[in-house]
Amino acid sequence: MNGIRPLSDPARNQPLVRITGVSKAFGGVHALEDVNLDLWPGEVVGVLGHNGAGKSTLMKILAGAYERDTGVIEVDDRPVDFRKPADAQACGIETIHQSLALADNLDAVSNLFLGREIGWRLGPFRVMDGPQMHDLAKRVISQLNPNFTALTVPCRDLSGGQRQTIAIARAVQFQARILIMDEPTAALGPQETEMVGELIQELKQKGLGIFLISHDLHDVFELSDRIVVMKNGRIVGGARVEDVTQDEVLGMIVAGNCPAVATAGTGVLQAGESQ
Ligand SMILES: Nc1ncnc2c1ncn2[C@@H]1O[C@H](COP(=O)(O)OP(=O)(O)OP(=O)(O)O)[C@@H](O)[C@H]1O
Ligand SMILES: [Mg+2]
């Protein structure tokens, strides 16, 4: 395991993920209705929408935390049926939650391998390979952020940006190819937000695909290649960032106004036009 493995070849013209006709209801609440969306290697797709629009539900289905009612999800052109998060992780799908889910009392190395430590069994005991974990952690973190050297500092003493680095390094270490980032910049200052932007560029260059959930229109425009807007469980609009203004996107979020729908990374579709 060396952290970063070769990724889908964009030249093969195949998305990392293709979501087709996915719906999900909780009792009488239609959280998702007929959602179509794809994600390509090296692409960041910003997922926008008001509270309750369905963003988290869609991402939780992709991450194996919820099961869909209908529809198809394909990873590397193969249909997948995730029953639990470990199924999605085995396909290279990792989620970085807003809370980052780091253990505050442990350092970067321990957090990187938390629950998936490297070691071996000795009778009833499990022996951890500390030096190997340290070396791997150092390699993965320095690839992402050469300035990060606080490998042995408890996470509670790290800045928000440093914590974000560890959370991202953890996903990369476990060979994420598809990253779901939930509000990665919500708790960060401008400098740290910039650093997360640099991390995202790094991941894009490695060919990862990223779904970026955020309420911050400015950040989404800065960080994404394409945005999609959800409302009442549906995707009501989308476009490449260079083709829309923030005001147009705000219109989509608020009113569901829909100048263009780009649920697929291959082009911009007009509203109502079928794929
Ligand atoms: N586990 C659940 N049980 C019942 N209803 C749920 C559940 N999860 C989500 N919902 C409902 O599904 C709809 C979509 O919720 P979801 O959490 O996906 O929205 P969201 O776009 O992520 O919102 P937010 O921006 O507030 O995070 C909402 O009406 C919500 O109340
Ligand atoms: Mg949510």
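Everything below is about the structure shown above.
Here the structure is a predicted model, which is why all the values come from computation and not from measurement.

1. Structural notes on the pattern of salt bridges
Alright, step 1. The full count for this structure, using the stated rule, is eleven salt bridges.
Alright, step 2. Salt-bridge contacts for R226 lead to D38; the nearest nitrogen and oxygen are separated by 3.4 Å. With R226 in strand β11 (residues 226–231) and D38 in strand β2 (residues 29–39), this pair connects stretches of sequence that are 188 residues apart. Accessibility assignment for this pair places R226 and D38 in one class, buried.
Alright, step 3. A salt bridge links D225 to K204; the shortest N-O distance between them is 2.7 Å. Linking D225 in the loop between α7 (217–223) and β11 with K204 in helix α6 (residues 190–205), this pair joins segments that are 21 residues apart in sequence.
Alright, step 4. Overall, the relative accessible area of 23% leaves D225 in the partly exposed class.
Alright, step 5. The network of salt bridges with common partners includes R18, D38, E43 and R226.

2. Structural notes on the site of ligand 1
Alright, step 1. Surveying the vicinity of ligand 1 reveals 13 residues, the closest of which are N51, G52, K55, S56 and T57.
Alright, step 2. Between ligand 1 and the protein, one listed contact pairs an oxygen atom with a backbone N or O atom of G52 at 2.7 Å.
Alright, step 3. The separation between a nitrogen atom of ligand 1 and a polar side-chain atom of Y66 is 3.2 Å.
Alright, step 4. Notes on ligand 1: free accessible area 630 Å², of which the protein chains cover 62%.
Alright, step 5. Listing elements by their share of the shell around ligand 1, those giving two or more residues are β2 and α1 (55–62).
Alright, step 6. For the shell around ligand 1, the leading source of residues is α1, giving three residues.

Cut-offs applied
- Residues numbered from 1 in each chain as written.
- Chains lettered and ligands numbered in written order.
- Predicted model: local features only at pLDDT ≥ 70, side-chain atom pairs only at ≥ 80, totals over all residues.
- Heavy atoms only, no water.
- Salt bridge = Lys/Arg side-chain N within 4 Å of Asp/Glu carboxyl O.
- Helix = DSSP H or I, 4+ residues; strand = E, 2+ residues; numbered from the N terminus.
- Buried < 20%, exposed > 50% of the residue type's maximum accessible area, 1.4 Å probe, protein only.
- Near = heavy atom within 4 Å.
- Polar contact = N/O pair within 3.5 Å; in protein donor to acceptor, adjacent residues only side chain to side chain.
- Areas by Shrake-Rupley, 256 points an atom, 1.4 Å probe, with all protein chains shown as cover.

Keep in mind these numbers describe shape, not what the thing actually does.
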